[in-house]
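Coordinate analysis (summary)
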Amino acid sequence: MTDTTAGQAPAPVQVQAPVQAADPARERLRRWRLVLGGDQADGTGCTLTGRDAAMDGALAALYGKGDKPQAGRERSAGLGASAPSVARWLGDIRDYFPSSVVQVMQRDAIDRLGLASLLLEPEMLQAVEPDVHLVGTLLSLHKAMPETTRETARAVVRKVVEELEKRLATRTRATLTGALDRGARVQRPRHHDIDWNRTIAANLKHYLPEYRTVVPERLIGYGRAARSVKKEVVLCIDQSGSMAASVVYASVFGAVLASMRSISTRLVVFDTAVVDLTDQLDDPVDVLFGTQLGGGTDINRALAYCQGRITRPAETVVVLISDLYEGGIRDEMLKRVAAMKASGVQFVALLALSDEGAPAYDREHAAALAALGAPAFACTPDLFPEVMAAALEKRPLPIPDPV
């Protein structure tokens, strides 16, 4: 019997049907159908409906005809040339795909379909998913932007820069502050300033086996960081078009370094001309909009400018960020690097400062720098603080293994 309260009907019991697991074979066909597109040649025999059909339409608009341009009526899919249709497409892909996929599709749309010019319209900029690559595209276009678009573009760039600063600033300051403190060693440190690892290493000959201990005769400690400038850092950044992501990250790091009292930071960008943006380092967005992506490359001229502004070689780190495709005088460039190193400058050559993997670069010039004791290597933003700390402490750089 069912126990019920007087005057009330028993509540109906709802039995939920068990959820059927997706058929693995059909799921594989579905995925292959989305990958291959809707042409008869896909061979899957799978029909898409609902959300899957909408996703397929968004993919077909970008990848429907491969890399070959189609004209007129032959084209069965595409984004067209109007900003409203592209803006709708951007909204669709943000709904259907995760952010990382959206960023790849945006990049492909700009590269494959020539949509860069549409980014000059405010409604387009409001629809895109901001990332480092989009910032690079905007920087290459900003000279051509109408006045109505510039503030929107700056807002997009600022959003990306602020996210990068949140990710990178705290760790960078902590790592470099530690390196500067360790660089100011004292011989009679207070107890809490003792560098125990170096103290033990320096006193191993005083090991007493019977007591299984080391009796230190000399203590080595960390010095307290003074408020005066201890090191000078020069960031020399190649602003040719292929270095767009590196320019963005370097500008953020330049602003972080400039905020540290014990480091004097200079930021120089170059193509065939040299521009000193040090006065704008308090705002990396201003730095970025002071660059001009594209053009040639004259590394020798840029290094000559940097070399002429070094006043304390033994306390200076020069970071050249370039793919080393030199359009200037190669031999003079190498002589300048050798002269700086001979004077005591710590010289760091980064082929890229980005998360994009192994870059294209001039291998002959990279080998020539390595022969001078300045190996050139690509560096991720997460590794950069460790590279700078090693350079400030004048110890071997943490060069990643080649891919």
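Note that the structure is predicted; figures quoted are calculated from it, not measured. (Residues numbered from 1 in each chain as written. Predicted model: local features only at pLDDT ≥ 70, side-chain atom pairs only at ≥ 80, totals over all residues. Heavy atoms only, no water.)

**Here's the deal with the nonpolar core**
In terms of nonpolar packing, the biggest core is built from 76 residues, with Trp89, Leu119, Val319 and Phe384 touching the most fellow members. No other element matches helix α7 (residues 147–183), which puts ten residues into this core. Core analysis: the next-biggest nonpolar cluster, separate from the first, contains 25 residues, Ile310, Val318, Val345 and Phe347 among them. (Core = buried A, V, L, I, M, F, W, Y, C linked by side-chain atoms within 4.5 Å. Buried < 20%, exposed > 50% of the residue type's maximum accessible area, 1.4 Å probe, protein only. Helix = DSSP H or I, 4+ residues; strand = E, 2+ residues; numbered from the N terminus.)

**Some remarks on the sheet that holds strand β5 (residues 231–238)**
Read across the open sheet, the six strands follow the order β7-β6-β5-β8-β9-β10; overall the sheet is mixed. Of all the strands in the sheet, just β7 (274–276) and β10 (376–379) have a single pairing partner and so form its edges. Sheet twist, expressed as the mean angle between neighbouring strand axes with direction ignored, is 25°. Both strand β9 (residues 346–353) and β10 contribute to a ladder of four bridges, which runs parallel. Across the sheet, the residue bridging to leucine 350 is phenylalanine 377, located in β10. (Pairing = 2+ DSSP bridges. Axes fitted to C-alpha atoms, helices over the stretch in contact; angles between N-to-C directions.)

**Focus: the confidence of the model for the protein**
Any region with low pLDDT has predicted coordinates that should not be read closely. Overall, the prediction assigns the protein a mean pLDDT of 81, with 80% of residues at 70 or greater. In the model of the protein, strand β1 (residues 185–186) stands out as the element of lowest mean pLDDT, 52, in contrast to strand β8 (residues 316–321), which has the highest, 97. Segment residues 67–77 is flagged for pLDDT under 50; beyond a separation of four residues in sequence, or across chains, it makes ten contacts in the model. (pLDDT = per-residue confidence, 0-100. Contact = heavy atoms within 4.5 Å.)

**Section: a nonpolar patch on the surface**
Judged by side-chain polarity, Trp32, Val35 and Leu36 come together as a nonpolar surface patch covering roughly 340 Å² of accessible area. Inspection of the secondary structure assignment puts valine 35 in helix α1 (residues 24–36). Using a relative accessible area of 63% as the deciding quantity, one classes valine 35 as exposed. (Patch = residues over 30% accessible without salt bridge, like charges linked within 9 Å, V, L, I, M, F, W, Y side chains within 5 Å. Areas by Shrake-Rupley, 256 points an atom, 1.4 Å probe, with all protein chains shown as cover. Salt bridge = Lys/Arg side-chain N within 4 Å of Asp/Glu carboxyl O.)

**Structural notes on unusual backbone geometry**
Where the residue is not glycine, phi is negative for most of them; where a peptide bond is considered, it is trans in most cases. Within the chain, arginine 212 stands out as a residue other than glycine whose phi angle is a positive 50°. Using a relative accessible area of 71% as the deciding quantity, one classes arginine 212 as exposed. Phi at leucine 324 takes a positive value of approximately 70°, unusual for a residue other than glycine. Positionally, leucine 324 belongs in the loop between β8 and α12 (330–342).

**Things to note about the packing of α1 against helix α2 (residues 50–63)**
What describes two packed helices is the angle between their axes and the distance between those same axes. Contact geometry for α1 and α2: axes closest at 9 Å, N-to-C directions at 25°. Taken together, α1 and α2 sit at an angle that is classed as roughly parallel. Packed against α1, whose contacting residues are Arg30, Arg33 and Leu34, the element α2 presents Asp52, Asp56 and Leu59 at the interface. Considered class by class, the residues forming the contact of α1 with α2 number two nonpolar, no polar and four charged. (Parallel < 35°, antiparallel > 145°, perpendicular 65-115°, else oblique. Nonpolar A, V, L, I, M, F, W, Y, C, P; charged D, E, K, R; others polar.)

**Looking at the packing of aromatic side chains**
The relation between two aromatic rings is expressed through the spacing of the ring centres and the mutual angle of the planes. This model, assessed by the stated rule, comprises two aromatic pairs. Where phenylalanine 253 meets phenylalanine 384, the ring centres are 4.5 Å apart and the plane angle is 40°; that geometry is what we call tilted. Remark: phenylalanine 384 occurs in helix α14 (residues 384–393) and phenylalanine 253 occurs in helix α9 (residues 244–258); sequence separation between them is 131 residues. For the pair shown, phenylalanine 253 and phenylalanine 384 are each scored as buried. Taking NZ or CZ as reference, arginine 154 lies 5.1 Å from the ring centre of phenylalanine 289, over its face. (Phe/Tyr/Trp six-rings, centres within 6.5 Å; stacked < 30°, edge-to-face > 60°. Lys NZ or Arg CZ within 6 Å of the ring centre and 35° of its normal.)

**Side note on the side chain of threonine 172**
Along the chain, the position of threonine 172 falls in helix α7. For threonine 172, a relative accessible area of 1% puts it in the buried group. Filtering out sequence-adjacent residues up to four positions away, threonine 172 remains in contact with Phe253, Val256 and Pro385.

**Some details on helix α13 (residues 363–371)**
Turning to α13, its buried residues are His365, Ala366, Ala368 and Leu369. The buried residues of α13 occupy one face: seen down the axis, they fall within an arc of 160°. Structural note: α13 exposes Arg363, Glu364 and Ala371 on the side pointing more than 90 degrees away from its buried face. In this structure, the buried side of α13 is in contact with α12, β9 and β10. At the N-terminal boundary of α13, the capping side chain belongs to aspartate 362, with an oxygen 3.1 Å from the backbone nitrogen of glutamate 364. Where α13 terminates, the next one or two residues include glycine 373, which has phi positive at roughly 85°. (Arc of directions from axis to C-beta. Polar contact = N/O pair within 3.5 Å; in protein donor to acceptor, adjacent residues only side chain to side chain.)

**Considerations on the pattern of salt bridges**
All chains considered together, the criterion is met by 17 salt bridges. A salt bridge links arginine 154 to aspartate 286, with the shortest nitrogen-to-oxygen separation between them at 2.7 Å. Here arginine 154, found in helix α7, pairs with aspartate 286, found in helix α10 (residues 284–289); they are 132 residues apart in sequence, far enough to count as distant. On the accessibility criterion, arginine 154 (23% relative accessible area) is partly exposed. A relative accessible area of 28% means that aspartate 286 is categorised as partly exposed. Here glutamate 315 ties to lysine 231 by a salt bridge, and the two come within 2.9 Å at their closest N and O atoms. With glutamate 315 in the loop between α11 (299–307) and β8 and lysine 231 in strand β5, this pair connects stretches of sequence that are 84 residues apart. Assessed through its relative accessible area of 11%, lysine 231 is described here as buried. Three or more residues joined by partner-sharing salt bridges are found here, namely Glu27, Arg30, Arg31 and Asp52.

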